[in-house]
Amino acid sequence: MRKRVLSILMSVTLVGSMVLAGCGEKKDAATGNSASSGASSASSGASSASSDASSASSGASSSSSGSSSSADKKDMSDIKVAFILPGEYNDGSFNQKGYDAMLYCQENLGVEATYVDRIDTSLQSETLYDYAEQDYDIIVSWGAQMEDDVVDTLAEEFPDTQFVIASGTKANETNVVNIQISGKHLGYGYGYMSAMKSKANKVAFIGAGQGSQAYTDEVGGFIDGAKAYNEDCEVTIMYLNSFNDIDECAQAAELCAEQGCDVMFADVSGAYKGLFDVVTKSEGKILTFGRNADHTKEYPEGCLSYIENDWGIKMADVITNYAENGKWGENVFCGFGSIVSGWTYNFDGEPGWNPALVSEEEVADFQKNVIDMIANGGWDPTFTTEDANPGTY
């Protein structure tokens, strides 16, 4: 069990139970929001195999064998795909990656693609049923929030439907595929670089998914990464009640700043804007990691990098495998040293770290002690929810 040196129970609104899905009203699930054929596609540039520290993957995506023969291959134009997004499609964060992935698949594969966004927890089961009953071939649940409904109920009730969970923790062996970014690897990298760049030896992670294994792994990795660089680094963990409450996230960031944290990261959706507003006002005194290329341009004096994780290519791989081999079930992991492409650390639209903040020596250190170490099997713990409780470690 981890040792917490200070329990953080700053307010009921910041620590405690949280909403596991985006807020807002459900849009008409009967029609969804079909992307127009003239819409711009998601940016390409998947995470490529690379030996430098801007890359988190050492391989390319591989397809699993399904149950269909070559005679049963489906035409892309006959495949209907629905993307279910818990947050806003244009949040500049994870939900927008889902929207961009939908556009990418529509334009590059020729499938019929649609989406619905802002699906609150209370509406997710109804929404998933709506699309399954409309005979969509593939239903993509964006995030771990809906995985219990998918794996425990819908997969059995709709055995001919291919379900896909983006960044969840569950799959089955028949018709649920989970494309899972390794939260442990992701968190470890963020934690290690945060500790490396902290002058105060105080860093913070702000999340909104307390209790889910995905968040447990990421938070556990963040703490381990920070402690691996400097065992005396204080790591503050806070959870929000909502993935999309900007004000709540800003309050959490301000509390972390008051405690002396000078490097912060928030893995939330639209709420991230709250943290970004706080750190940019610090004028370089607080460092952070962006959520997209625009953040590195808006805050070059304090943004270390952002993750480029091309979900369009990942989803295209899933759909292609379905078209060629039929439905299947599998947990597909993406991370350091994985056979599935992970991500790249980018700055200003190109692979790499902010050269004004991260030296070549620090990049080499990160490569050796994070990417190579994990890829060679040097770190693979199992985390429990107690390992990721709110507090300062």
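As shown above, the structure is provided for reference.
A quick note: this is a predicted structure, and the numbers were derived from the prediction, not measured.

Asks: Is there a simple way to explain the overall build of the protein in this structure?
Replies: For the protein, the helix and strand inventory stands at 10 helices and 15 strands. For the protein, contacts bridging at least 24 residues in sequence account for 75% of all contacts bridging at least 6.

Asks: Got a minute to help me understand the pairing of strand β7 (residues 202-207) in this structure?
Replies: Along a regular strand, successive side chains alternate from one face of the sheet to the other. For β7, the tally of buried residues reaches 5 of 6 residues, placing the bulk of the element in the interior. Bridge count for β7 against strand β8 (residues 234-239) is 6 bridges, and the pairing is parallel. Directly across from G207, in β8, lies its bridge partner Y239. Running through helix α5 (residues 213-229), the crossover from β7 to the neighbouring parallel element β8 is right-handed. Relative to strand β9 (residues 263-266), β7 runs parallel, the two sharing 4 bridges. From the neighbouring strand, I206 faces β9, where its bridge partner is A266.

Asks: Just checking my understanding: could you explain the sheet that holds strand β10 (residues 287-290) for this structure?
Replies: Strand pairs in the sheet, formed through backbone hydrogen bonds, run parallel or antiparallel to each other. Pairing is mixed in the open sheet, where 8 strands are placed in the order β14-β13-β11-β10-β9-β7-β8-β15. With partners counted over all chains shown, the strands left at the sheet margins are β14 (350-351) and β15 (391-392), one partner each. Across 3 bridges, the pairing between strand β11 (residues 303-308) and strand β13 (residues 344-347) is antiparallel. When the bridges of β13 are listed, Y306 appears paired with N346. The sheet contacts of helix α6 (residues 246-258) involve β7, β8 and β9, and relative to β7 the element is tilted by about 165°.

Asks: How should the side chain of N309 be read in this particular structure?
Replies: Structurally, N309 can be placed in the loop between β11 and α9 (311-325). Exposure remark for N309: the relative accessible area of 7% places this residue in the buried category. Among the polar contacts made by the side chain of N309, one reaches the side chain of K314 at a distance of 2.9 Å. With residues near it in sequence (within four places) discarded, N309 still touches K97, I181, K314, G342 and W343.

Asks: Please explain helix α4 (residues 183-197) as it appears in this structure.
Replies: In this model, α4 (15 residues) spans 21 Å end to end at C-alpha, consistent with the 21 Å of a helix rising 1.5 Å per residue. Of all 15 residues in α4, 15 are buried; the element is thus mostly enclosed.

Asks: Would you explain the pattern of salt bridges in this entry?
Replies: Opposite charge on two side chains lets them pair, provided their charged atoms get close. For the structure shown, the criterion picks out 7 salt bridges. Linking R291 and D267 is a salt bridge whose minimum nitrogen-to-oxygen distance equals 3.0 Å. With R291 in the loop between β10 and α8 (293-298) and D267 in the loop between β9 and α7 (272-281), this pair connects stretches of sequence that are 24 residues apart. In this structure D267 comes out as buried when scored by relative accessible area, which is 13%. One network of salt bridges, with partners in common, ties together D148, D152 and K170.

Asks: It is not clear to me how the nonpolar core should be interpreted in this structure. Could you clarify?
Replies: One recurring pattern in soluble globular proteins is that nonpolar side chains are buried together. The biggest cluster of nonpolar side chains holds 96 residues, and the ones touching the most others in it are F83, W142 and M315. Sorting elements by how many residues they give to this core places α9 first, with 8 residues. Ignoring any residue separated from it by four or fewer positions in sequence, one finds M315 in contact with F83, A101, C105, V140, W142, V164 and I179. Counting 18 residues, the second-largest nonpolar core is a separate cluster that includes I119, V150, A155 and F158.

Asks: What is the right way to look at the packing of aromatic side chains in this model?
Replies: Think of a pair of aromatic rings as described by two things: how far the centres are apart, and how the planes are tilted against each other in angle. Tallied over the entire structure, the rule returns 27 aromatic pairs. Between Y131 and Y136 the ring centres are 5.3 Å apart and the planes differ by 75°, which places this aromatic pair in the edge-to-face class. Here Y131 and Y136 have matching classes, each one buried. These aromatic residues form a ring-pair network of at least three members: Y188, Y192, Y229, Y345, W353, F366, W379 and F383.

Asks: Is there a simple way to explain the environment of D117 in this structure?
Replies: With respect to the helices, strands and loops of the structure, D117 is situated in the loop between β3 (112-116) and α2 (124-133). Taking relative accessible area as the criterion, D117 reaches 2% and is therefore assigned buried. Separated by 30 residues in the primary sequence, D117 and G87 place their C-alpha atoms 5.8 Å from one another. Among the polar contacts listed, one links the side chain of D117 to the backbone nitrogen of Y89, at a separation of 3.1 Å.

Asks: I'm lost on the environment of S141 in this one. Help?
Replies: By secondary structure assignment, the location of S141 is in strand β4 (residues 138-142). Given the relative accessible area of 0%, S141 is considered buried. The spacing of S141 and A166 is 25 residues in sequence and 6.2 Å in space, taken between C-alpha atoms. In this view, S141 contacts I84, L128, M146, V150, V164, I165 and A166; residues no more than four positions away in its chain are not counted.

What counts, and at which threshold
- Residues numbered from 1 in each chain as written.
- Predicted model: local features only at pLDDT ≥ 70, side-chain atom pairs only at ≥ 80, totals over all residues.
- Heavy atoms only, no water.
- Helix = DSSP H or I, 4+ residues; strand = E, 2+ residues; numbered from the N terminus.
- Contact = heavy atoms within 4.5 Å.
- Buried < 20%, exposed > 50% of the residue type's maximum accessible area, 1.4 Å probe, protein only.
- Pairing = 2+ DSSP bridges.
- Right-handed = clockwise from strand over helix to strand, strands pointing away.
- Axes fitted to C-alpha atoms, helices over the stretch in contact; angles between N-to-C directions.
- Polar contact = N/O pair within 3.5 Å; in protein donor to acceptor, adjacent residues only side chain to side chain.
- Expected span 1.5 Å × (residues − 1).
- Salt bridge = Lys/Arg side-chain N within 4 Å of Asp/Glu carboxyl O.
- Core = buried A, V, L, I, M, F, W, Y, C linked by side-chain atoms within 4.5 Å.
- Phe/Tyr/Trp six-rings, centres within 6.5 Å; stacked < 30°, edge-to-face > 60°.

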